[in-house]
Amino acid sequence: MWPAVEIDLTKSNSKDGLAPGRCLIEQRKGSMWTPTTEAGGKSNPYENSTMVVCNGYFLYDFIRSMLYDTRHNRAMVLHHLVCILFTSASLVSGLSGTEINFSLFLAELTNPMLQIRWLMRNAGITEGILYELNQVVFLVAFFIIRVGIGTYWIYHYLLHPVPHLFFKLGGILLYAVSIIFMGQIMIVAYNKLSPSGRKESSENLPALDKTKI
């Protein structure tokens, strides 16, 4: 599992660095790039290079989880398949790289906290202020980014006249997966806080470790 976590961290840093750092400073038609402008347009080389890195990770992690994981999180399997399909479609068509990169960037903002949680748990550090603080930050950030910003983003994206319906379908699927992840996280959080549900929460924690997007 350690190599997989190292790749997760590398992938997360690569996405977080490549997607916003390059795309946000990319000037198009004299205006700063924003999530709801240039949607459905031609992808630039920076966006393509980011999607190549991301697609490589998704392919690796999907194959690894299918071969070696004894417990498959169905939502995670769906997440990886959707990401592979739509990033590949964007690379082949040369379109919609802007919104796909923005979605990848948002999705990866919570991944560092999730990987820190995994590392702390495997190091036996499951108590203390730092462990609990990391979990709270992860929960709050996931809700704000995936549910809050994600809802705003998908609403405006679906209303945008330019992107192809195929990529809009991808946005809907990823948004649905995010809602499923949020539900799983809330169940684990509730069980953790409920005295009667602490045992069940402990048993479900491995599934939460796979909740990353």
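Residues numbered from 1 in each chain as written. Predicted model: local features only at pLDDT ≥ 70, side-chain atom pairs only at ≥ 80, totals over all residues. Heavy atoms only, no water.

Under the annotation held in an unreviewed UniProt entry, the protein carries the name Transmembrane protein 136-like isoform X2 and is attributed to Acanthaster planci. What the UniProt record of the protein gives under Subcellular location (unreviewed entry) is the line "Membrane". (UniProt positions renumbered as here; feature names shortened; annotations may be inferred.)

Colleague: When you look at the packing of helix α6 (residues 129-159) against helix α7 (residues 165-193) in this model, what are you seeing that I'm missing?
Modeller: Pairs of packed helices are described in terms of their axes, by the angle between the two and the distance that separates them. Running from N to C, α6 and α7 point in directions that differ by 155 degrees, and their axes come no closer than 10 Å. Our classification of the angle between α6 and α7 gives roughly antiparallel. Crossing geometry of α6 relative to α7 is assigned as left-handed. Class assignment of the residues belonging to the contact of α6 with α7 gives a composition of 17 nonpolar, 5 polar and 4 charged. (Axes fitted to C-alpha atoms, helices over the stretch in contact; angles between N-to-C directions. Helix = DSSP H or I, 4+ residues; strand = E, 2+ residues; numbered from the N terminus. Parallel < 35°, antiparallel > 145°, perpendicular 65-115°, else oblique. Left-handed = near helix turned anticlockwise from the far one by under 90°. Nonpolar A, V, L, I, M, F, W, Y, C, P; charged D, E, K, R; others polar.)

Colleague: Can you help me understand a nonpolar patch on the surface in this one?
Modeller: Nonpolar side chains collect at one region of the surface, where Val136, Val140, Phe143, Ile144 and Ile149 lie side by side and expose about 430 Å² of accessible area between them. Tracing the sequence through the fold places Phe143 in helix α6. (Patch = residues over 30% accessible without salt bridge, like charges linked within 9 Å, V, L, I, M, F, W, Y side chains within 5 Å. Areas by Shrake-Rupley, 256 points an atom, 1.4 Å probe, with all protein chains shown as cover. Salt bridge = Lys/Arg side-chain N within 4 Å of Asp/Glu carboxyl O.)

Colleague: Just to check I follow, could you spell out the packing of aromatic side chains for this structure?
Modeller: How two aromatic rings sit relative to each other is set out by the distance from centre to centre and by the angle between their planes. Applying the stated criterion across every chain yields a total of 6 aromatic pairs. Here the aromatic rings of Phe86 and Phe166 are separated by 4.6 Å at their centres, their planes lie at 35 degrees, and the arrangement is tilted. Linking Phe86 in helix α3 (residues 74-93) with Phe166 in helix α7, this pair joins segments that are 80 residues apart in sequence. Among the residues examined, Phe166 registers a relative accessible area of 32% and is labelled partly exposed. Relative to Trp153, the ring of Phe102 has its centre 5.1 Å away and its plane inclined at 65 degrees; by these criteria the two rings are edge-to-face. Taken as a pair, Phe102 in helix α4 (residues 97-108) and Trp153 in helix α6 lie far apart in primary sequence, 51 residues in all. Taken together, the ring pairs in this structure connect Phe86, Phe166 and Phe167 into an aromatic cluster. (Phe/Tyr/Trp six-rings, centres within 6.5 Å; stacked < 30°, edge-to-face > 60°. Buried < 20%, exposed > 50% of the residue type's maximum accessible area, 1.4 Å probe, protein only.)

Colleague: I tried to follow the UniProt feature "transmembrane region" (unreviewed entry) in the protein on my own but got confused; where do I start?
Modeller: Under the local residue numbering, the UniProt record ascribes the feature "transmembrane region" (unreviewed entry) to residues 76-96, 132-155 and 167-190. Between the first and last C-alpha atoms of residues 76-96 the distance is 23 Å; the span itself is 86% helix and 0% strand. Across residues 167-190, the secondary structure splits into 100% helix and 0% strand, with the terminal C-alpha atoms separated by 35 Å.

Colleague: Explain the pattern of salt bridges here, please?
Modeller: Where side chains of opposite charge bring their charged atoms close, a pairing between them can arise. For the structure on display, the rule yields 1 salt bridge. A salt bridge links Asp61 to Arg64; the nearest nitrogen and oxygen atoms lie 2.8 Å apart. Here Asp61 and its partner Arg64 are both found in helix α2 (residues 45-68), 3 residues apart, which amounts to about one turn of the helix. Judged by relative accessible area, Asp61 falls into the buried class, the value being 1%. Overall, the relative accessible area of 8% leaves Arg64 in the buried class.

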